[in-house]
Amino acid sequence: MPAPCDATPPHLLTIALEDYFQVGAFRQCIERAHWRRFESRLEAATERLLALLDQHRAHATFFVSGWIAETRANLVREIARRGHEIAASGYEHASLRQLTRREFVDDAARGRDAVESASGRRALGFRVADQWIRPRDAWALDSLAELGFAYDSSLMPPLFGRIDPIQQTIHKKQSGEKSLWIVPVATAPWLGGRLPIGGGGYARQLPLRYLKRALRAWRQTTGAPLVTYFHAWEFDAAPPQIEAASHLARARHYRNLQRTPELVAELLGQHRTISIAEHLRLETREPAEPSSEEGRNSSPQRAELAVNNVRNAGAAAEPTPITIIVPCCNEEASLSYLAVALSELEADLAPRYEAQFVLVDDGSRDATWTRMLDLFGGWPNARRLRHSANQGVSAAILTGIRAADTEIVCSLDCDCTYDPRGLCELVPLLTDDVALVTASPYHPAGGVRNVPGWRLGLSKCASWLYRRALTNKLHTYTSCFRVYRRSAVLDLPLTEPGFLGVAELLALLDLGDARIVEAPAVLHSRLFGQSKMKTARTITAHLRLLSRIWRLRMSRRAPRKYTNSSPQTSSTSSPPALHP
C-alpha cells in the first residue's frame, strides 16, 4: 500500500535530539551513569537549528529519548510549540543489540511515556537511538506495532546483497491485526553495496560531490520522498573535544562537522521539508498527561536536595568533617563536569562525613580561575586558592593541605580520571593507625579504561621499581587519588613540587615506617584537555628519585620511625629528607 503523498513530495527532515556526550562513538569512554555531569550544550545547538527551520518555514520530526525528555522538558515543549513533530527514541539511548526483546519493549514504552509527558502531544513515531534496525530484526518492528506506534524510521535496507525495492521507500508492514508504516532513510549505490545518504555521519564522511549527486539521483529514480536525518549536536558551533575517545571515534564524530549546518541550509533553501507525521497525515495533537517533572533546570545543579535529605536522615550522628582538595591547572573545560561530580560526592558522603572543598588554581593560563568563581562561588563549603605561577600538582595539594582545618584530607584530579565518588570507599580506610590511603588501578580488583597501552607500561614499570625500593609493597605509587592524615603529611620535607612529588610524599611516609593502605580503583583516560605530564621528563625524574631512595636505604643510617599523631598533638619525629 503506497504512502499518501503529493505528486512532487517534499523531503522529510528528521532530527535526533541528543547531546554530544550521548553518541555511540563515545560509548567506550563515557559512562551512561555520568551523563548528568556534563554541561549540556543541547539548548544552544537546538536553538541554532530551530532558527534555521523558522527562517525557511520548514517543519521536522524530532526523535527524543525519554532521558532527554525528563531532563530537558522545557526544550522538548518549545520544539513542539514551534510546530515540529515530537517522536520517541526509547528511554536509555540504548542500541537494539544491547537489549533483549522484553527490555526493548519496556524501554520503548517508557521512552514514549516520558516524551508525551514532556511535549503534551502523542508520540506516533519511533527510531532507535543507536545503530539501525536491519531486516532480520523484524521482531522489533512487530513489537512497535503492538505498542501502538504508527510508524518506525529505524529500518536500514541491507548494505550488501539483493534489495527489495520496497525496502528503500516508505511502505506499510502488517503485523497480525496491526500495521506499521516503515520510513527508511534514503540509501544509494556505493562500491557494489548501498550507503545511507540521508544525513548523519555518512553525510559528513562521504565525498561531497558524490553525496550531492546521489541525492539528486534519488529523486529522479524513485520519485519518493527523501528521508533525511541529522543530530542536534551537529549544530553546535564549538563542540567540546573528548580526548579520551579513540582516533577513529573522534574522526567519526568531529570530521567535517561544519558541513551539517551548510547541508541543511542548502536543503531547506531548495526543497520544502515537512515532518513524517505530516506526510503520513497523522494527527499528533492529542494531549498527553502533564509532566510531573516539567521545567527541570537544564544546567548542572548542585545536589542540594539530595544532600539535605541524606543529612536529615542521619542527623542523630555527628558527621566527621573532611577536606577534599582539587588541584587545577588549565582545566577550564573540565570544571563544569567536576562541579556536578563533587555535588554527587557530597551527597554520597553525607551524613557520615561533612565535606569541605579546597580548589587550588595552580597558575592556569586559561579561564580556569574565572570559571572556578562562576561555578563554586555560591558554595559555602568551598574555598578557592590561587598560585600566581604554576608550581606543580604536589605543590597545589600541599597548599590545600595547609589550608585545611580537618584531620582527614583527600585529593583528587580535576579531570576526574578517578571517579570522585570512589572516595566513599577510601575515606573509611583511614583508621587511626593509617597515615595514607591511596587508590590503585593496578590492584587485582582495580581497572583501567581507555588509557594508552604505552602509558600503562611505563607506569607499571615505575611501580615495579618503587616496589623494590620501598617497604610498603603496593601496586601503584603515583596516584593523586588519596586520603591523608593531615598531621602525618603536613610537615614532610618535600622537594618535588610536580607529579614526582606525589611519589616522593609516599616514599617519605614509607621511609618513616608509616602505615599505607592501598585500595582498588578504576582509572579512566581524561575526557577534556591534554595531560600536563611530559613523558620523557617524568621518566628521568622518577629514576632520579628512585636513585635517591636507594642511596638512603643503602646507607648505614637507618630511617627514624615516623609516628602518626592525633589532631591535637604534633609529630615527635620525622622521616628523612630525600636530599641528594
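Going by the structure above, here's the rest.
Reading the values: the criteria
Residues numbered from 1 in each chain as written. Predicted model: local features only at pLDDT ≥ 70, side-chain atom pairs only at ≥ 80, totals over all residues. Heavy atoms only, no water. Axes fitted to C-alpha atoms, helices over the stretch in contact; angles between N-to-C directions. Helix = DSSP H or I, 4+ residues; strand = E, 2+ residues; numbered from the N terminus. Left-handed = near helix turned anticlockwise from the far one by under 90°. Contact = heavy atoms within 4.5 Å. Nonpolar A, V, L, I, M, F, W, Y, C, P; charged D, E, K, R; others polar. Patch = residues over 30% accessible without salt bridge, like charges linked within 9 Å, V, L, I, M, F, W, Y side chains within 5 Å. Areas by Shrake-Rupley, 256 points an atom, 1.4 Å probe, with all protein chains shown as cover. Salt bridge = Lys/Arg side-chain N within 4 Å of Asp/Glu carboxyl O. 1 Å grid on protein atoms, 1.4 Å probe; cavity = no way out; pocket = protein on both sides within 12 Å on 5 of 7 lines; lining within 4 Å. Points joined across faces, edges and corners; volume = space filled by probe spheres on them. Buried < 20%, exposed > 50% of the residue type's maximum accessible area, 1.4 Å probe, protein only. Pairing = 2+ DSSP bridges. Expected span 1.5 Å × (residues − 1). Phe/Tyr/Trp six-rings, centres within 6.5 Å; stacked < 30°, edge-to-face > 60°. Lys NZ or Arg CZ within 6 Å of the ring centre and 35° of its normal. Core = buried A, V, L, I, M, F, W, Y, C linked by side-chain atoms within 4.5 Å.

A.B. asks: Outline the packing of helix H12 (residues 335-349) against helix H13 (residues 368-376), listing residues and values.
C.D. replies: The N-to-C vectors of H12 and H13 enclose an angle of 35 degrees; their axes lie 10 Å apart at closest approach. By crossing handedness, the relation of H12 to H13 is classed as right-handed. Between H12, through Leu335, Ser336, Leu338, Ala339 and Leu342, and H13, the contact on the second element is made entirely by Thr368, Arg371, Met372, Leu375 and Phe376. In terms of residue class, the contact of H12 with H13 is built from 7 nonpolar, 2 polar and 1 charged.

A.B. asks: Hey, could you go over a nonpolar patch on the surface for me, with residue numbers and the actual values?
C.D. replies: A cluster of nonpolar side chains, contributed by Trp454, Leu458, Ile539 and Leu543, occupies part of the molecular surface with about 380 Å² of accessible area. Elements that contribute at least two residues to the nonpolar patch include exactly helix H16 (453-469) and helix H19 (535-554). Note that Trp454 resides in helix H16.

A.B. asks: Outline empty space enclosed by the protein, supporting the account with residue identities and numerical values.
C.D. replies: One simple way to see leftover space: roll a probe sized like a water molecule over the atoms. One pass over the structure, following the stated rule, counts 3 cavities of 30 Å³ or more. Approximately 120 Å³ is the volume found for the largest cavity. In terms of lining residues, the largest cavity is bounded by 14 residues, among which His34, Tyr337, Cys416, His524 and Leu527 are the most central. Counted by class, the lining of the largest cavity contains 6 nonpolar, 4 polar and 4 charged residues.

A.B. asks: Please give an account of the layout of surface pockets that cites residues and values.
C.D. replies: Considering only enclosed or pocket space, the second largest pocket measures out at about 840 Å³ in volume. The wall of the second largest pocket is formed by 32 residues, among which Asp130, Gln131, Trp132, His231 and Arg252 lie closest to the centre. Secondary structure elements with two or more residues in the lining of the second largest pocket: strand S1 (11-17), strand S2 (61-64), helix H6 (200-205), strand S10 (227-231) and helix H8 (247-254). When residues of the lining of the second largest pocket are assigned to their parent elements, the largest contribution, 5 residues, is made by H6. Class assignment of the residues belonging to the lining of the second largest pocket gives a composition of 14 nonpolar, 10 polar and 8 charged.

A.B. asks: Can you lay out the pairing of strand S16 (residues 436-440) for me, pointing to particular residues and giving the numbers?
C.D. replies: Burial of S16 is extensive: 5 of the 5 residues sit out of reach of the surface. Residues Leu436, Thr438 and Ser440 point to one face of S16 and Val437 and Ala439 to the other, with burial holding for every one of them. Sheet topology note: the S16/strand S18 (residues 482-485) ladder contains 3 bridges and is antiparallel. Considered in S18, the bridge of Val437 is made with Val483. Strand direction decides the pairing type here: S16 and strand S19 (residues 516-520), joined by 5 bridges, are parallel. Bridging from a neighbouring strand, Ser440 pairs with Pro520 of S19.

A.B. asks: Break down the sheet that holds S16 for me, citing the residues and quoting the values.
C.D. replies: Pairing is mixed across the open sheet formed by 7 strands, whose spatial order is S14-S13-S12-S15-S18-S16-S19. Each having just a single partner strand, strand S14 (382-387) and S19 make up the two edges of the open sheet. Within this sheet the neighbouring strands show an average axis-to-axis angle of 25 degrees, counted without direction. Here strand S12 (residues 320-328) pairs with strand S13 (residues 353-362) via 9 bridges, running parallel.

A.B. asks: Can you tell me about helix H18 (residues 500-511), naming the residues and giving the values?
C.D. replies: Taking 1.5 Å per residue as the helical rise, H18 with its 12 residues ought to reach 16 Å, and the 16 Å between its terminal C-alpha atoms agrees with that figure. Of all the 12 residues making up H18, 12 are buried; the element is thus mostly covered by neighbouring parts of the structure. Those residues of H18 not exposed but buried are Leu500, Gly501, Val502, Ala503, Glu504, Leu505, Leu506, Ala507, Leu508, Leu509, Asp510 and Leu511. Positive backbone phi, approximately 65 degrees, marks Asp513, located one or two places after H18.

A.B. asks: Tell me about the environment of Trp181, and please be specific about residues and values.
C.D. replies: Tracing the backbone shows Trp181 in strand S7 (residues 178-182). Note: C-alpha distance between Trp181 and Ala145 (36 residues apart in sequence) is 9.1 Å.

A.B. asks: Give me the lowdown on the environment of Leu342, citing residues and values where you can.
C.D. replies: Looking at the secondary structure, you find Leu342 in helix H12. When the C-alpha positions of Leu342 and Ala355 are compared, they lie 9.6 Å apart, and in sequence the two are 13 residues distant. Among residues more than four places away in sequence, those in contact with Leu342 are Val326, Phe357, Phe376, Trp379 and Leu412.

A.B. asks: Explain the packing of aromatic side chains to me, and be specific about the residues and the numbers.
C.D. replies: Taken as a whole and judged by the stated rule, the model has 18 aromatic pairs. Each residue in the set Tyr20, Phe21, Trp35, Phe38, Trp67, Tyr337 and Phe528 is aromatic and connected to the rest through ring pairs, giving one cluster. Positioned over the ring face of Tyr91 is Arg110, at 3.6 Å from the centre of the ring. The aromatic ring of Phe149 is capped on one face by Arg112, whose charged end is 5.0 Å from the ring centroid.

A.B. asks: Explain the nonpolar core to me, and be specific about the residues and the numbers.
C.D. replies: Counting residues in each nonpolar core, the largest one holds 114 residues, and the members touching the most others are Leu17, Phe62, Ile242, Ile324, Leu338 and Leu423. Of the residues forming this core, the biggest block, 8 residues, is contributed by H12. Once residues lying within four places of it in the same chain are set aside, the contact partners of Leu17 are Leu42, Thr46, Phe62, Phe63, Val64, Ile68, Leu75, Val76, Ile79 and Ala232. Ranked by size, the runner-up nonpolar core spans 40 residues in total, among them Leu398, Tyr484, Val502 and Leu506.

The values reported here are purely geometric and, on their own, carry no functional implication.
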